[in-house]
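Fold and contact review
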Amino acid sequence: MPPLVARVLFPALFVWIWSTGFLVGRAVGPHADSSLFLTLRFLAVAAIFTAIALAMRAPWPRRPRQIAVHLAAGALMNGVYLGPSWWAMSHGLPAGVMALIGALQPLFTALIAALVLGASLGRTVWTGLAVGFAGVALVLLPRLAAGAAVPLSPWVVAAGVFGIFSLTVGSMVQKSPDAVADIRSASAIQSLGGAAVTAVLAFMIGDFRWDHAPALWFAFGWSVIVLSLVGTTLLIWLMRRGEATRTAALLLLVPPLAAVESWALLGETLTPVQIGGFVLAIAGVAMARRAR
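Residues numbered from 1 in each chain as written. Predicted model: local features only at pLDDT ≥ 70, side-chain atom pairs only at ≥ 80, totals over all residues. Heavy atoms only, no water.

1. A closer look at the overall build of the protein
Within the protein, the secondary structure is distributed over 12 helices and zero strands. Secondary structure elements in the protein, listed N-terminal to C-terminal, are α-α-α-α-α-α-α-α-α-α-α-α. Buried positions account for 48% of the 292 residues belonging to the protein. For the protein, the share of sequence-separated contacts (at least 6 apart) that also reach a separation of at least 24 residues comes to 87%. In the form shown here, the protein has an accessible surface area of approximately 14,200 Å², with 72% of it arising from carbon and sulfur atoms. (Helix = DSSP H or I, 4+ residues; strand = E, 2+ residues; numbered from the N terminus. Buried < 20%, exposed > 50% of the residue type's maximum accessible area, 1.4 Å probe, protein only. Contact = heavy atoms within 4.5 Å. Areas by Shrake-Rupley, 256 points an atom, 1.4 Å probe, with all protein chains shown as cover.)

Next comes the structure, spelled out in structure tokens:
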């Protein structure tokens, strides 16, 4: 494949794969308990990455602190992120809206940097924060209103926001010096960290549903092979070739892409006001990200 084609195709393919994760989370709800599904998914991914790491003799983290950091990163970025997020989607939060909340991660990072780490943010970043959160409010308010045709519980929205906040904190843990390790062995350990969290959620609030529908098994295979294995491989390729900036920019296309996919496949719709909120939120994230 010509290098120029690869530089365009692979980032776009990664973004499309990322967008389908929200559809999988929304589609699983009628067929299985989301926490049980995620636990089995993370265990399968951990087993595959372990086999790959052992077969290729990849180095493993040895110091207890390194192992603990990888378990914590996996617990936050996989378990505490996807557990509440998928629970929210199984309780009515549209996939496109969850993807839009996910796009707010750079805004959460900026807020944590300012409020916790004492970082100084410029006026453009603060404007981007205000615009981004205002856009999300426009998307959510019609569904949160008391007279909405299909009302949405504030607790469902809170669960989705909490999941993205956990992803943000986990990303910061991932950047710790103790988190430097071979991606194959690190992915195996982090998947176990995620499985531990979702297993606890399954026992606490799950109902252990699994109806063995073909759509459910397809979603399981897609989430393990395409989302986890192919997605991780593409991400490694992009990082090693300096395409992180291009991919970060393209990730702003994930919310509208997920919204279109959920409209086509799941019948989810947005009002004109919500579409305007989508545009506003993405513009705010783009503004804050560019300024940073």
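The discussion continues.
2. Considerations on the nonpolar core
If you look at the biggest cluster of nonpolar residues, it comprises 65 residues, and the most contacted ones within it are V28, F37, W86 and L93. Of all the elements, helix α9 (residues 214-240) adds the most residues to this core, at nine residues. Setting aside residues up to four positions removed in sequence, L93 forms contacts with R26, A88, M98, I101, L140, L152 and V156. (Core = buried A, V, L, I, M, F, W, Y, C linked by side-chain atoms within 4.5 Å.)

3. Side note on the environment of S120
Structurally, S120 is set in the loop between α5 (105-115) and α6 (123-144). Among the residues examined, S120 registers a relative accessible area of 74% and is labelled exposed. Counting along the chain gives 10 residues from S120 to A110, while the straight-line C-alpha distance between them is 9.4 Å.

4. A word on the packing of helix α3 (residues 64-90) against helix α8 (residues 183-205)
Remark: α3 packs on α8, axes separated minimally by 7 Å, with the N-to-C direction vectors making an angle of 45°. When the interaxial angle is binned, α3 and α8 end up oblique. When you trace α3 past α8, the crossing you get is right-handed. Mapping the contact onto sequence places I67, H70, L71, A73, G74, A75, N78, G79, V80, G83 and W87 in α3 and A186, I189, Q190, S191, G193, G194, V197, T198, L201 and I205 in α8. Among the residues forming the contact of α3 with α8, the class breakdown is 11 nonpolar, 10 polar and no charged. (Axes fitted to C-alpha atoms, helices over the stretch in contact; angles between N-to-C directions. Parallel < 35°, antiparallel > 145°, perpendicular 65-115°, else oblique. Left-handed = near helix turned anticlockwise from the far one by under 90°. Nonpolar A, V, L, I, M, F, W, Y, C, P; charged D, E, K, R; others polar.)

Just distances and angles here, no functional claims.
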